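Letter by letter, the chains look like this.
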Amino acid sequence: MPDKNVTHKPDAHDRGGASDGHVHLQMVRHEHGAKPRWDWARWPVFVLAAASVALFATSYFQPWWHFWLYAPQYPSGLELIISLTGMGGQVHEVDILNHYIGMRHLADAAPTERQLAGYGVAIVSIVTFAFLMFSGKKLNKIVAIPAIMFPIGFLADSFYWLYTFGHDLDPKAPIKIQAFTPEMFGNGKIGQFETFAAPDLGFWLAVAGVVCALGSAFLRSRVCSNCPNAGECSAVCPRAMVMSARSRKSS
């Protein structure tokens, strides 16, 4: 029988070390059949990508920009409602006022963009969804770029046309004013007229679509970095994002 009075002293092997003083770390092995980390996020990636596309499509039917102009002869103000396909509100009255300072008709602005807007929204939506769902690790870092460029492209194009209209004034106009660029946000002034501009529902829906795309891209990057099949990825994900490797194997 062992002597109860004898106390066992742990040696180097008990402490995970070798007799030569080196410490051997325990091997971490992937358990066969274990669920990969972030595997739960595959369906949220799909849901957020679909929500992004739905928001982009809905924004197409909504006004993107609102513009108010206050003049002495119009004390209640004039209103312009700008969408991706045209503009509404009191366009005729604003054109009359613009005529006095030599500005072109509003209908002359962005004719090509208005004609191609529907195709543009469809392309951005399809490319965003396809990138988020099917691109592999080589394209993983750019999956949200098409979505981000959608509202940014609208802002850039709108600024271009505002600048062009304000700097291409007819020199024979009855009222001579200096070249200008109408404000895109907040208060502004054109001659003796006060203006106010602000984004409308369509723009904010597109921004919400970008937020959903970024959320989907973030979750997607976590799924990809923890995917046991990451080594098979190149430009296209060989297993798509929704179905896990185990689901595909069992189906």
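Residues numbered from 1 in each chain as written. Predicted model: local features only at pLDDT ≥ 70, side-chain atom pairs only at ≥ 80, totals over all residues. Heavy atoms only, no water.

(A) Region of the structure containing the sheet that holds strand β4 (residues 186–190). Pairing in this open sheet of five strands is antiparallel, and the strands run β3-β2-β1-β5-β4 from one edge to the other. Strand pairing shows two members of the sheet lacking a second neighbour, β3 (87–89) and β4, which therefore form its edges. Along the sheet, successive strands turn relative to each other by an average axial angle of 25°, direction set aside. Judged from the six bridges that link them, strand β1 (residues 65–71) and strand β2 (residues 74–82) form a sheet pairing that is antiparallel. (Pairing = 2+ DSSP bridges. Helix = DSSP H or I, 4+ residues; strand = E, 2+ residues; numbered from the N terminus. Axes fitted to C-alpha atoms, helices over the stretch in contact; angles between N-to-C directions.)

(B) Molecular detail of the nonpolar core. F56, W64, L84 and F150 are the most contacted members of the largest nonpolar core, which has 39 residues in total. For this core, the elements supplying multiple residues, two or more each, are α1 (42–59), β1, β2, α2 (91–100), α3 (111–134), α4 (145–167), β5 (193–199) and α5 (201–225). Take this core: its biggest share by element is eight residues, from α5. Beyond its immediate chain neighbours, meaning those up to four positions away, F150 contacts F56, S59, W64, L84, V121, V124 and A206. (Core = buried A, V, L, I, M, F, W, Y, C linked by side-chain atoms within 4.5 Å. Buried < 20%, exposed > 50% of the residue type's maximum accessible area, 1.4 Å probe, protein only. Contact = heavy atoms within 4.5 Å.)

(C) Layout of the pairing of β1. Most of β1 sits inside the fold, with five of its seven residues counted as buried. Linking β1 to β2, which pair antiparallel, is a turn of two residues. Pairing geometry for β1 and β5, over six bridges, is antiparallel. Note that in β5 the partner of W68 across the bridge is F196.

(D) Seen up close, the pattern of salt bridges. Scanning the model with the defined rule gives two salt bridges in all. Measuring nitrogen to oxygen at the nearest pair gives 2.5 Å for the salt bridge that ties R42 to D39. One salt bridge in this structure joins D168 and R104, with 3.7 Å as the shortest N-O distance. One end of the pair, D168, is in the loop between α4 and β4; the other, R104, is in the loop between α2 and α3, and 64 residues separate them in sequence. Classification of D168 by relative accessible area gives partly exposed; the value is 42%. (Salt bridge = Lys/Arg side-chain N within 4 Å of Asp/Glu carboxyl O.)

(E) Quick peek at the packing of α3 against α4. Two elements in contact, α3 and α4, have axes whose closest approach is 9 Å; the angle formed by their N-to-C orientations is 160°. Comparing the axis directions of α3 and α4 gives the class roughly antiparallel. Note that α3 runs across α4; the crossing there is right-handed. Across the interface between the two elements, P111, E113, V121, V124, V127, T128 and F131 of α3 pack against P146, A147, F150, D157 and W161 of α4. (Parallel < 35°, antiparallel > 145°, perpendicular 65-115°, else oblique. Left-handed = near helix turned anticlockwise from the far one by under 90°.)

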